[in-house]
Amino acid sequence: MEFRCLAVSGSLGEVWSGDTLVVGLFSGAAGDGRAQAETLVGGALEGLLERRRFEGKPSQTLTIERPGHAPATLILVGLGDPEQFGLDALRQASAAAARSAAAAGAEELALWLPIEGLEPAAAAAAMAESVRLALYADQRFKSEAEPRSEPRRVTLLSPAAAAEAGLAHVEATCAGVELARRLVAAPPNKATPQALADEAAAIAGSFGLDLKVLERQDCEALGMGAYLGVAQGSDLPPKFIHLTYRPEGEVTRRVVLVGKGLTFDSGGYNLKTAGSQIEMMKYDMGGSAAVLGAARAIAEIRPAGLEVHVIVASCENMISGGAIHPGDVLTASNGKTIEINNTDAEGRLTLADALVYACALEPDAIVDLATLTGACVIALGEEIAGLWSPSDGLAEALLEAGRAGGEAFWRMPLRSSYKEGLKSPIADLKNTGPRPGGSITAALFLQDFVTKGLPWAHLDIAGTVWSDKPRGVDPAGATGFGVRTLVAWLVGGAAC
Ligand code: BES
Ligand code: MN
Ligand code: ZN
């Protein structure tokens, strides 16, 4: 799929002659979009809109087939209340329109959506990303693919020519999101720790990044007892992945992205029961998928001055005669001892050693992404990820990047008094606190493994990594959540 921006001054037919045109209409008012659509249809739309009950509600679409006319398909898409209109509404409308256009068999598609008041490059990026991401489909695990079509070329008619700059990173960003979606959607017998390491190697090979994969013995030598404790119940060997992007020339900013990479989380001896989504725990590597997707995007964009380290302590949480017992005490690579009062709180154990390793790189900032707690899903639902950080600057930057990338975050507190809940009578701390505030104690646990004063943020993406039904730019299934925010944060500007 190819994107371009095209300014229309005179009549549309002079500059564009595709088969499918999308026109956006606000609810209620007869705005520009309606006048434009009426000119095209060659008559008042009112009767038609009423008959087909098109009210311009957000993401509502109406497909009008006009054989023998140009364009042969006109799709009206609702933009909702003009007062509420912004980048998010533009994304929703673009995604909905793209789905209708694909269903109508569009080949040469154009979008005419109003972007007054929005930064043109950001608007162009939002539209293009939404079209591409909404049309993503994954049929890898079907023996026979269902026939489907997508437009060859998509023209954005409303933005000024300057908006073309907004398209610069669309391909790289979307390829990163799609990589993350593919990894998350792959079942646990395919997306193993070895498969994650292979994916990292493929990215390294294609884009010239450095890759180091630490085997079990290497991790033992580093004293990573928390991570290896989780891994020891599995027949699959753990893979500690360290992928590095280095720019040409001088480095002015160094960041580490850490992703939780549990390719399956059975819960261990605190086995997940029916209703606890054990059959969905293939997505417990969503954090690692996001950081690998971001690595791929960054590697393609090649920003100057920025060095990015991606770290994944990958393994499975399984049951066997060699698995950790509830009650075991493990020693992490910073020397801290941890009483395992629940083997299902395994993500934080793998992250503990990954964070110690990340801090040793002495970066300017560390961001970890993890499907860490069910408690975060209860707190914020499936559309908003939790964000914890002792650094106001980093927290603000990530919230802003989330807005630019179209992903929602809510900052949560690192309330230090809740650390009481992690006190252990036998070890330095235990891995699980009380049920209330469970996502907060999880974040506080992680903080214990981060060097004081080093800017660090923890993103709990347990709710947002998967969607049971299509929502906004996401199809049903893996969302690839996190990639767009990371790219926006690392590359900056509207062109994310
Ligand atoms: N991977 C889960 C968290 C999770 C749960 C993600 C549901 C997505 C949906 C994590 O390892 C886990 O099991 N957390 C426990 C922690 C508890 C034992 C303190 C949880 O949230 O129940
Ligand atoms: Mn678990
Ligand atoms: Zn888990």
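Anything mentioned here points back to the structure above.
Everything in this summary refers to the structure shown in the same document. (Residues numbered from 1 in each chain as written. Chains lettered and ligands numbered in written order. Predicted model: local features only at pLDDT ≥ 70, side-chain atom pairs only at ≥ 80, totals over all residues. Heavy atoms only, no water.)

1. Considerations on the nonpolar core
Point 1. Judged by nonpolar contacts, the single largest core of 98 residues is most densely connected at L111, L156, L243, L257, V308, V367 and W489.
Point 2. By residue number, the principal contributor to this core is helix α10 (residues 286-301), which donates 10 residues.
Point 3. Inspection of this core shows a minimum of three residues originating in each of domain 1 (2-159) and domain 2 (171-492).
Point 4. Not counting residues up to four positions away in its chain, the partners in contact with L156 are R4, C5, L6, L111, A124, M127, A128 and L167.
Point 5. Core analysis: the next-biggest nonpolar cluster, separate from the first, contains 50 residues, C359, L380, L414 and L444 among them. (Core = buried A, V, L, I, M, F, W, Y, C linked by side-chain atoms within 4.5 Å. Buried < 20%, exposed > 50% of the residue type's maximum accessible area, 1.4 Å probe, protein only. Helix = DSSP H or I, 4+ residues; strand = E, 2+ residues; numbered from the N terminus. Domains from an automatic or database assignment. Contact = heavy atoms within 4.5 Å.)

2. Details of a nonpolar patch on the surface
Point 1. Taken together, Y269, L271 and I319 make up a surface patch of nonpolar side chains, about 270 Å² in accessible area.
Point 2. The topology assignment puts L271 in the loop between β9 (253-265) and α10.
Point 3. Residue L271 is classed as partly exposed on the basis of its relative accessible area, which comes to 45%. (Patch = residues over 30% accessible without salt bridge, like charges linked within 9 Å, V, L, I, M, F, W, Y side chains within 5 Å. Areas by Shrake-Rupley, 256 points an atom, 1.4 Å probe, with all protein chains shown as cover. Salt bridge = Lys/Arg side-chain N within 4 Å of Asp/Glu carboxyl O.)

3. Side note on helix α15 (residues 483-491)
Point 1. For α15, the tally of buried residues reaches eight of nine residues, placing the bulk of the element in the interior.
Point 2. Within the sequence span of α15, burial applies to V483, R484, T485, L486, V487, A488, W489 and L490.
Point 3. Taken from the residues just after α15, G492 is the one with a positive phi, measuring 70°.

4. Observations concerning the coordination of the zinc ion (ligand 3)
Point 1. Around the zinc ion (ligand 3), the protein contributes the donor atoms K260 (NZ), D265 (OD), D284 (OD) and E346 (OE), at 2.0 to 2.4 Å from the metal centre.
Point 2. Sequence spacing among the residues donating to the zinc ion (ligand 3) works out to K-x4-D-x18-D-x61-E.
Point 3. Separating the zinc ion (ligand 3) from the manganese ion (ligand 2) is a gap of 3.2 Å, which D265 spans by donating to each of them. Taken together, the positions of K260 in strand β9 and D284 in the loop between β9 and α10 put the pair 24 residues apart, joining distant regions of the chain. (Donors = N, O, S within 2.8 Å, 3.2 Å for Na, K, Ca; no water.)

5. Concerning the packing of aromatic side chains
Point 1. By the definition in use, this model includes six aromatic pairs.
Point 2. Aromatic pair F409 and F481: ring centres 5.4 Å apart, planes at 55°, arrangement tilted. Of the two residues, F409 sits in strand β15 (residues 408-411) while F481 sits in the loop between β19 (477-478) and α15, which places them 72 residues apart along the sequence. Taken individually, F409 and F481 each receive the classification buried, so the pair is uniform in this respect.
Point 3. Pairing F445 with F449 gives two aromatic rings, centres 5.2 Å apart and planes at 40°, and the pair type is tilted. F449 carries the same exposure label as F445, and that label is buried.
Point 4. Grouping aromatic residues by their ring pairs yields a cluster made of Y227, F240 and Y357.
Point 5. Of note, R253 hangs over the ring of W489, and the distance from its end group to the ring centre comes to 5.1 Å. (Phe/Tyr/Trp six-rings, centres within 6.5 Å; stacked < 30°, edge-to-face > 60°. Lys NZ or Arg CZ within 6 Å of the ring centre and 35° of its normal.)

6. Describing the site of ligand 1
Point 1. Ligand 1 sits among 16 residues. The nearest are K272, D284, D344, E346 and G374.
Point 2. Residue K272 places a side-chain N or O atom 2.8 Å away from an oxygen atom belonging to ligand 1.
Point 3. If ligand 1 stood free it would expose 510 Å²; the protein chains cover 81% of that surface.
Point 4. A breakdown of the residues in the shell around ligand 1 according to their chemical character gives four nonpolar, five polar and seven charged. (Near = heavy atom within 4 Å. Polar contact = N/O pair within 3.5 Å; in protein donor to acceptor, adjacent residues only side chain to side chain. Nonpolar A, V, L, I, M, F, W, Y, C, P; charged D, E, K, R; others polar.)

7. Remarks on the coordination of the manganese ion (ligand 2)
Point 1. The protein atoms that coordinate the manganese ion (ligand 2) are D265 (OD), D344 (O), D344 (OD) and E346 (OE), at distances spanning 2.1 to 2.2 Å.
Point 2. When the donor residues of the manganese ion (ligand 2) are listed from N- to C-terminus, their spacing reads D-x78-D-x1-E.
Point 3. Residue D344 is classed as partly exposed on the basis of its relative accessible area of 23%.

8. Some words on the pattern of salt bridges
Point 1. Counted according to the given criterion, the structure contains 27 salt bridges.
Point 2. In this structure, R152 and E107 form a salt bridge, with 3.6 Å as the shortest nitrogen-oxygen distance. Residue R152 is found in the loop between α5 (120-134) and β6 (153-156), and its partner E107 is found in the loop between α4 (87-103) and β5 (108-112); the two are separated by 45 residues along the sequence.

9. Here's the deal with the pairing of β15
Point 1. Where strand β14 (residues 384-388) lies against β15, four bridges are found, and the strand directions are parallel. Within the sheet, the bridge partner assigned to G386 lies in β15 and is W410.
Point 2. Since β14 and β15 lie parallel, the crossover through helix α13 (residues 392-405) that links them has a hand, and here it is right-handed. (Pairing = 2+ DSSP bridges. Right-handed = clockwise from strand over helix to strand, strands pointing away.)

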